[in-house]
Amino acid sequence: MRIGIVILPDQRWSDSRRRWQQADEWGFDHAWTYDHLGWRDLVDGPWFDSVTTLTAAATVTSRIRLGTLVASPNFRHPAAFARQVTALDDVSGGRLLLGLGAGGIGFDSAVLGGETLPPRQRVDRFAEFTELLDLILREDGTTWRGEWFSAVDARNNPGCVQTPRVPFVVAANGPRSMRLVARFGQGWVTTGPDEDDLESWWDGVAEAAARMDGTLAAAGRDPGTLDRYLSLDSAPVFSLRSAEFFADQVGRAAALGFTDVVTHWPRASSWYAGDEAVLVDVATRLLPELRRA
């Protein structure tokens, strides 16, 4: 089992830098940040750009993989974003994991003055975004005329360090997005269902894993070619409530076939509120054992 951690971009780099370095030194397999212009009630506090943050993190770490959880077409265009992705993969020495999602409603979908799209149209846009981004990152000189995006001779030179491009970790819970995973993803990330009861959430995660198996089978794809990421803190209980609870949640994810789990760096209040001492305990006492599970 590989274990990752999300570090929200809500601190100045002078404070956040320590966290990225510590995650690398502790031995976490991957570290992520949110790709938003503002997020939920934290929009009223400090918030920083994800690509810039990850670029800075790449310069102060050496081995940990770095990623967006998740980038979306809410405010990104594939041609411009491909240049950022290529640069970030280069600066990190090929350590980038590109988490991609359809994008939800809220600040990101409203701040640029556009209309808030219904779910079906958001998935339509995401499908085109993913296909075009894949094409630009793999081929130099892409021209595209679509419903949502256009590109004229979009370049990718020199291309990604990772070939044929950076790995896509595609967020999906529904059938159409899961088909995008099967077509374009090297990884699948799920948040599970929106539930207030922990056991109901795990039941929903199990159902999603089974649907993903069926989607891969229908696409004729070997399930072993797909990494499976579970965002543990989408459950109604914070995964770092205690070290023992975290270990139990990792074990449950492994039993359902997940190859990777992701937790969040505890915050003082609001989202992912918890005690940083629990994270330290997990990282220094349990992490090597959990990674061998």
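Small disclaimer: the values here were computed from a predicted structure and weren't measured.

1. Some remarks on the overall build of the protein chain
Alright, step 1. Within the protein chain, the regular secondary structure consists of 9 helices and 10 strands.
Alright, step 2. Relative to the globule expectation of 19 Å for 293 residues, the C-alpha radius of gyration of the protein chain, 18 Å, shows essentially globular dimensions.
Alright, step 3. C-alpha atoms of the protein chain, sized along the principal axes, occupy 55 × 45 × 35 Å.
Alright, step 4. Here the protein chain, with 293 residues, has 52% of them falling under the buried criterion.
Alright, step 5. Counting only contacts in the protein chain whose residues sit at least 6 apart along the sequence, the fraction spanning at least 24 positions is 72%.
Alright, step 6. Carbon and sulfur atoms make up 49% of the accessible area of the protein chain, which totals about 12700 Å².

2. A few points about the pattern of salt bridges
Alright, step 1. Tallying each qualifying case throughout the model produces 20 salt bridges.
Alright, step 2. Between D140 and R155 there is a salt bridge, and its shortest N-O distance comes to 4.0 Å. Pair noted here: D140 is in the loop between α5 (119-138) and β5 (142-145) and R155 is in the loop between β6 (150-154) and β7 (168-171), with a separation of 15 residues, a long-range link.
Alright, step 3. R285 is the partner of E244 in a salt bridge, and the nearest nitrogen-oxygen pair spans 3.3 Å. A residue pair is termed long-range when its members are at least 10 positions apart, and E244 in helix α8 (residues 243-255) and R285 in helix α9 (residues 276-292) qualify at 41 residues.
Alright, step 4. Judged by relative accessible area, R285 falls into the partly exposed class, the value being 43%.
Alright, step 5. One network of salt bridges, with partners in common, ties together D134, R138, E139 and R165.

3. Quick notes on the side chain of H264
Alright, step 1. With respect to the element layout, H264 can be found in strand β10 (residues 260-264).
Alright, step 2. In terms of polar contacts, H264 uses its side chain to reach the side chain of D233, at 2.8 Å.

4. With respect to the packing of aromatic side chains
Alright, step 1. By the definition in use, this model includes 12 aromatic pairs.
Alright, step 2. On the basis of an interplanar angle of 25° and a centroid distance of 5.7 Å, the ring pair of W26 and W265 is categorised as stacked. Highlighted residues: W26 in helix α1 (residues 13-26) and W265 in the loop between β10 and α9, separated in sequence by 239 residues.
Alright, step 3. Here W26 falls in the buried class, since its relative accessible area comes to 18%.
Alright, step 4. Between the aromatic rings of F81 and F129, the centroid separation amounts to 6.4 Å while the plane-to-plane angle is 25°, which identifies the pairing as stacked. With F81 in helix α3 (residues 78-91) and F129 in helix α5, this residue pair connects regions lying 48 residues apart in the sequence.
Alright, step 5. On the accessibility criterion, F81 (2% relative accessible area) is buried.

5. Re the sheet that holds strand β9 (residues 227-231)
Alright, step 1. With parallel pairing, the 8 strands of this closed barrel are ordered in space as β1-β2-β3-β4-β7-β8-β9-β10. On average, each strand axis in the sheet is inclined to that of its neighbour by 25°, with strand direction left out of account.
Alright, step 2. Two elements, β9 and β10, share 3 bridges in a ladder whose sense is parallel. Among the inter-strand pairings, Y229 is bridged to a residue of β10, identified as D260.

6. Quick notes on the environment of E131
Alright, step 1. Looking at the secondary structure, you find E131 in helix α5.
Alright, step 2. Separated by 84 residues in the primary sequence, E131 and T215 place their C-alpha atoms 18 Å from one another.
Alright, step 3. Apart from the residues lying within four places of it in its own chain, the contact partners of E131 are W144, R183 and F184.
Alright, step 4. A polar atom in the side chain of E131 sits 3.3 Å from the side chain of R183.

7. Here we look at the UniProt feature "domain: Luciferase-like" (unreviewed entry) in the protein chain
Alright, step 1. When the UniProt feature table is mapped onto this chain numbering, "domain: Luciferase-like" (unreviewed entry) sits at residues 1-231.
Alright, step 2. Taken end to end, residues 1-231 comprises 41% helix and 19% strand; its first and last C-alpha atoms sit 14 Å apart.

8. Some points on helix α7 (residues 198-219)
Alright, step 1. The end-to-end C-alpha distance of α7 is 32 Å, a good match for the 32 Å that 22 residues give at a rise of 1.5 Å each.
Alright, step 2. Along α7, the positions that sit buried rather than exposed are L198, W201, W202, G204, V205, A208, A209, M212, T215 and L216. The buried side chains of α7 occupy one side of the element, clustering within an arc of 155° when seen end-on. Of the exposed residues in α7, those oriented more than 90 degrees away from the buried face are A217 and A218.
Alright, step 3. Its side-chain oxygen 3.3 Å from the backbone nitrogen of E199, D197 forms the N-cap of α7.
Alright, step 4. Backbone geometry just downstream of α7 places G220 in the positive-phi region, at approximately 70°.

9. Re the pairing of strand β3 (residues 65-71)
Alright, step 1. The element β3 is extensively covered by neighbouring structure, given that 6 of its 7 residues are classed as buried.
Alright, step 2. Pairing of strand β2 (residues 30-33) with β3 involves 4 bridges; the strand directions are parallel. Bridging from a neighbouring strand, A31 pairs with L66 of β3.
Alright, step 3. In terms of handedness, the path from β2 via helix α2 (residues 50-60) over to β3 forms a crossover that is right-handed.
Alright, step 4. Summarising the sheet, β3 and strand β4 (residues 96-100) pair through 4 bridges and their orientation is parallel. Bridged to G67 within β4 is L97.

About the criteria used
- Residues numbered from 1 in each chain as written.
- Predicted model: local features only at pLDDT ≥ 70, side-chain atom pairs only at ≥ 80, totals over all residues.
- Heavy atoms only, no water.
- Helix = DSSP H or I, 4+ residues; strand = E, 2+ residues; numbered from the N terminus.
- Rg over C-alpha atoms; globule rule 2.2 N^0.38 Å.
- Buried < 20%, exposed > 50% of the residue type's maximum accessible area, 1.4 Å probe, protein only.
- Contact = heavy atoms within 4.5 Å.
- Areas by Shrake-Rupley, 256 points an atom, 1.4 Å probe, with all protein chains shown as cover.
- Salt bridge = Lys/Arg side-chain N within 4 Å of Asp/Glu carboxyl O.
- Polar contact = N/O pair within 3.5 Å; in protein donor to acceptor, adjacent residues only side chain to side chain.
- Phe/Tyr/Trp six-rings, centres within 6.5 Å; stacked < 30°, edge-to-face > 60°.
- Pairing = 2+ DSSP bridges.
- Axes fitted to C-alpha atoms, helices over the stretch in contact; angles between N-to-C directions.
- UniProt positions renumbered as here; feature names shortened; annotations may be inferred.
- Expected span 1.5 Å × (residues − 1).
- Arc of directions from axis to C-beta.
- Right-handed = clockwise from strand over helix to strand, strands pointing away.

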